[in-house]
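# Structural features, examined
Take a look at the letters that make up each chain.
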Amino acid sequence: MNTTRSHPSKAGQPGARDPFGAHLRHWRTHRRLSQLDLAQEAEVSTRHLSYVETGRAAPSREMVLRLAERLEVPLRERNALLVAAGFAPMYRQRSLDDPAMASARRAIDLVLKGHEPFPALAVDRHWNLVAHNALVPLLMEGAAPELLKPPINVLRLSLHPDGVAPRIANLAQWRTHLLERLLQQIAATGDAVLQSLHDELAAYPAPAVSHDAPVLDTALSAVAVPFQVVMPSGVLSFISTITIFGTPVDITLQELAVESFFPADEQTVAALTALAAQIAQQGQQGRPGQQEKQPG
């Protein structure tokens, strides 16, 4: 049975000491499912599901995982469900600097580096910057120093009046896109931190921007919201894609996303290619002994 699951519950998420039934009821109502809906999807009786939710019956570990799967509960919260039911957590959370995550970190770096001369960055579940390629700092230039202190929240940096916002040519359109995207993430995860971030960003004023954004190809703008930013070389226009790890079993990897920006016109291609060449040249000049090295 397919049921629309688009709006988050207004109830607070259960705490670590709350019984399993409270966690289950939270996620069921968060997904806008009745007990009958969930019972049919999980292939259990409605009576048994009711007993589990009210605490009259204890779920097996298999049942916890089955219900979590049907409810599309994120891995972090699946651990909370397991603990509430009296079982050990199943999913690990490790820093990307952990030796066990070396392969994943190499994959991320490969994606970021391979996307040059175009910008690409990786963010965690709260949109804090984890990694980026050489082009990304150019888009951050001119932002207030306090917004560039780690951890850098890329949504705050984008929409803050002292951040990148004054240089976004299509600010109203991009702002609407980011806020809608954030609401979708909140609906999927029920994350209170993301809700607070959304409320903060929605309260920012939309600065009056005098730059005229170039008109993109009609077919392109019909399928993707552009990001148009004013640079010394002119207005650069991008469309973006999100890359996530498939079937992760680690919380950190499930919550990680790589956003890659692609040029939306030839002017942007030319400008970024020139900027990448400048960055490469500066890197060569900064290496000891490079200037003195002569061909043999």
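Procedures and definitions
- Residues numbered from 1 in each chain as written.
- Predicted model: local features only at pLDDT ≥ 70, side-chain atom pairs only at ≥ 80, totals over all residues.
- Heavy atoms only, no water.
- Helix = DSSP H or I, 4+ residues; strand = E, 2+ residues; numbered from the N terminus.
- Buried < 20%, exposed > 50% of the residue type's maximum accessible area, 1.4 Å probe, protein only.
- Areas by Shrake-Rupley, 256 points an atom, 1.4 Å probe, with all protein chains shown as cover.
- Contact = heavy atoms within 4.5 Å.
- pLDDT = per-residue confidence, 0-100.
- Pairing = 2+ DSSP bridges.
- Axes fitted to C-alpha atoms, helices over the stretch in contact; angles between N-to-C directions.
- Salt bridge = Lys/Arg side-chain N within 4 Å of Asp/Glu carboxyl O.
- Core = buried A, V, L, I, M, F, W, Y, C linked by side-chain atoms within 4.5 Å.

A count of helical and extended segments in the chain gives 13 helices and 5 strands. Counting the 296 residues in the chain, one finds 43% classified as buried. With an accessible surface of roughly 15,800 Å², the chain has 55% of that area assigned to carbon and sulfur atoms.

You can see T268 is positioned in helix α13 (residues 266-285). Judged by its relative accessible area of 0%, T268 falls in the buried class. The residues touching T268, leaving out its near neighbours within four places in the chain, are V235, L236, S237, F238 and P263.

Moving on to the environment of V229. Mapped onto the fold, V229 is located in strand β3 (residues 227-231). You can call V229 buried: its relative accessible area is 0%. Considered as a pair, V229 and V164 are 65 residues apart in the sequence and their alpha carbons are 8.3 Å apart. In this structure V229 touches L139, V164, R167, I168, A169, G234, V235, L236 and F238, once residues within four positions along its chain are discounted.

Here we take up the confidence of the model for the chain. This prediction gives the chain a mean pLDDT of 87; 86% of its residues lie at or above 70. Confidence drops under pLDDT 50 across residues 1-11; counting only partners more than four residues distant or on other chains, this segment forms 25 contacts. Considering only residues more than four positions removed or in separate chains, one finds that residues 290-296, a stretch of pLDDT under 50, has 2 contacts.

Here the focus is the sheet that holds strand β2 (residues 129-132). If you walk across this open sheet you meet the 5 strands as β2-β1-β5-β4-β3, and the pairing is antiparallel. Edge strands, defined here as strands with exactly one partner in the open sheet, are β2 and β3. Within this sheet the neighbouring strands show an average axis-to-axis angle of 30°, counted without direction.

What follows deals with the pattern of salt bridges. Throughout the structure, instances matching the rule amount to 11 salt bridges. When the shortest N-O distance is used, the salt bridge between R105 and D109 registers 3.3 Å. A residue pair is termed a helical-turn pair when its members lie 3 or 4 positions apart in one helix, as R105 and D109 do in helix α6 (residues 102-114) at 4 residues. Note on D109: relative accessible area 35%, which makes it partly exposed. The salt bridge involving R125 is made with E255; its shortest N-O contact spans 3.5 Å. With R125 in the loop between β1 (120-123) and β2 and E255 in the loop between α12 (251-254) and β5 (257-263), this pair connects stretches of sequence that are 130 residues apart. In this structure R125 comes out as partly exposed when scored by relative accessible area, which is 23%. On the accessibility criterion, E255 (16% relative accessible area) is buried.

Counting 42 residues, the largest nonpolar core has L182, L201, F227 and V229 as the members making the most contacts within it. Residue contributions to this core peak at 6 residues, all from helix α9 (residues 171-189). Each residue touching L182, except ones within four places of it in the same chain, is listed here: W127, L155, L194, L197, H198 and L201. In terms of nonpolar packing, the next biggest core, distinct from the first, is built from 23 residues, A39, A42, L81 and I251 among them.

Here helix α5 (residues 75-84) has its buried residues at L75, E77, R78, N79, L81 and L82. On its buried face, α5 sits against α1 (20-30), α4 (61-70) and α12. In the segment just after α5, G86 is the residue with positive phi, at about 95°.

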